[in-house]
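# Commentary on secondary and tertiary structure
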Amino acid sequence: MAAGEQQQKSGISASSTSSGRLVTPFWKEKYERDARRYWDIFYKRHEDKFFKDRHYLDKEWGKYFEGQGGRKMVILEVGCGAGNTIFPLISTYPDIFVHACDFSPRAVDLVKKHKDYRPDQVNAFVCDITSEQLTENVQPSSADVVTMTNILIAPAKMPSVIQNVRNVLKNGGRVLFRDYAFGDLAQERLMSKGQQISENFYVRGDGTRAYYFSNEYLVDLFSSCGFIVEEICVHNKQVENRSLDLVMNRNWIQATFILGSAGLQVPNGQHDNHTCEDKEDKITANAQKKRICEEIDLSEDFNNMFGTSYNLDEAQIIRIKAKGHDFKIKMLTKEYQHTCKLTGLMLWESAQFMCSLLAENPSVVSGKRVLELGCGSAGICSMVAASVAQFVVATDGDAESLDLLRDNIASNLEPNLLKRILIRKLFWGDKDDLKAVRELSSKGTGFDCIIGTDVTYNPDAILPLFKTARELISSEDSEAALILCYIQRRVDEDSILSTATAQGFRLVDKWINGIHQSNGIIGSWFWGNDVCSAFKNATLSILYFQVRH
């Protein structure tokens, strides 16, 4: 299969850098800054159970681990994880010595706790190879082989990583490389979920990142650092999981590079770029058939990279204080924000910010019929409003979030205030839900104040959000307001405003922390208090809408 045919079959355009929605600069920087932390959380949750032991290394590259003339081979495993490469290797080749590094301290601890770990055979150490030199733990020009499996991630840092590896590799030594290839199932899924950082670079649901390589990109990358291509191949396998009724097209790239003049000489610009296929490439994945794990790095937890992964037993009690209020909220902590699809089970900055503002400015909701959209499981804005409002309806579209919300409200409000707050399911755009919630307002005339915190992060939800708000806002009160508080993530302000205008709203006032200080309605909320001081580093925004008449 030619490279062009491969790209066409995958349904992904190689020429477009924006074929998926890009994450915002805020999140791009956060994923880079907290990369080590995300991987540490990954290994905290999965320990050594996510990736399977890589027994295929002996089959694919066994000849490179055999010392000649009784010489002891020195191997460096970059990005060792929990040891899925190390221990199969030393089991098959007991005479080798392995240096193993990872930038996750938790991963290195897992290696050292492994039953087969011996300090005289394995040197395991923490190292961020994008910023720390391998030569601090490995002698220069001492390694015969370096294995790199799924560790080249951030494109901008790849050349420095390869140069770092080169410093500890002998002249004529080899890099054995294996990573995700362009057109892999995971790339298609991440693109469709709006998790693209840049061209072929994506963030997974747990905050860890992955790059999807083409032959040309990989060859150019290593060649520019003084390596010669010995072998390169893109593997395609169709994996069928009958128990999940799932067919997965997996692509990965495998290559061998030689440092210096030894080995295969490749004419300038002429690389053997090809796709490897054979009749055995379709694998049936059943619980009884374990050989799939020996062929590709696929585990039972694969789908958790894209789906929900949480346990409410891990919920914590968080204390939230605002003027005149002291709440104890049960919730998942934000370390689960990338592994749990149910964002309503966590408490976000904008909700805490709006809670504090309402406590300082009770007139915003005093005596009014208040509706909170997407309140999640905490409900702190609704509970503050309930102390002065005529009544409050707290809504969310997720049943589990609502269950936890009921517990939090029941454990935090006095009986007299519980009578003022109602909890209802509201899936935006659902006609039955809309009708049921609207009937809760006075004679079905709608609500005087609608509040939403961090409900604008999903581009696909913006239109249903404003349609829902337009259906439920009071048709009789010209001062009825829709108040949105959020941190800009995947949806920019222009998109929010254009959708609001199309649904009959007009922007009355706006405030952006540290950038746009309102002199109107919102600005008055900050007089005589220091709410902003606790959130000075958060890029919070507030938009205040009314219906256009």
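Please refer to the structure higher up on the page.
Model, not experiment: these values are computed from the prediction.

## Points about the side chain of Asn 513
Structurally, Asn 513 is set in the loop between strand E20 (505-512) and helix H18 (521-524). Other than its neighbours up to four places away in sequence, Asn 513 contacts Phe 535, Lys 536, Ala 538 and Leu 540.

## Things to note about the sheet that holds strand E6 (residues 196-198)
Taken in spatial order, the 3 strands of this open sheet run E6-E7-E8, and their pairing is antiparallel. Each edge of the open sheet carries a strand with a single partner, namely E6 and strand E8 (209-211). Strand-to-strand twist of the sheet, defined as the mean angle between neighbouring strand axes without regard to direction, takes the value 30°. Inspection of the sheet shows strand E7 (residues 201-203) paired to E8 by 3 bridges, in the antiparallel sense. Note on E8: the bridge partner recorded for Val 203 is Arg 209.

## Description of the pattern of salt bridges
The final tally for this structure, using the stated rule, is 17 salt bridges. Here Lys 157 ties to Glu 32 by a salt bridge, and the two come within 2.4 Å at their closest N and O atoms. Here Lys 157 is found in the loop between strand E4 (143-149) and helix H7 (158-168), whereas its partner Glu 32 is found in helix H2 (residues 25-33), with 125 residues between them in sequence. Taking the relative accessible area as the measure of exposure, Lys 157 reaches 29% and is therefore partly exposed. Take Glu 32: its relative accessible area is 27%, and that puts it in the partly exposed class. With a closest N to O distance of 3.9 Å, Glu 360 and Lys 323 form a salt bridge. Taken together, the residues span a long stretch of sequence, with Glu 360 in helix H11 (residues 349-360) and Lys 323 in the loop between strand E13 (316-322) and strand E14 (325-331) at a distance of 37 residues. For Glu 360, a relative accessible area of 26% puts it in the partly exposed group. Given a relative accessible area of 54%, Lys 323 falls into the exposed group. Through salt bridges that share partners, Lys 30, Arg 33 and Asp 34 make up one connected network.

Parameters at a glance
- Numbering of residues starts from 1 in every chain and runs along the sequence as written.
- Local features in this predicted model are restricted to residues whose pLDDT is 70 or higher, and side-chain atom pairs enter the listing and the counts only when it is 80 or higher, whereas totals over whole chains, interfaces and linings include all residues.
- Note that the side-chain values use all heavy atoms of the structure and ignore hydrogens as well as water.
- Comment: elements are numbered from the N terminus, with helices defined as DSSP H or I runs of at least four residues and strands as E runs of at least two.
- Note on contacts: a residue pair is in contact if any heavy atoms of the two residues lie within 4.5 Å.
- Strand pairing is defined by DSSP finding a minimum of two bridges between the two strands.
- For helices, the fitted axis covers only the stretch in contact; all axes are lines through C-alpha atoms, and the angles between them, taken along N-to-C directions, range from 0 to 180 degrees.
- Only one rule defines a salt bridge in this text: a Lys or Arg side-chain nitrogen within 4 Å of an Asp or Glu carboxyl oxygen.
- To sort residues, take the accessible area from a 1.4 Å probe on protein chains only and compare it with the maximum for the residue type: under 20% means buried, over 50% means exposed, and anything in between is partly exposed.

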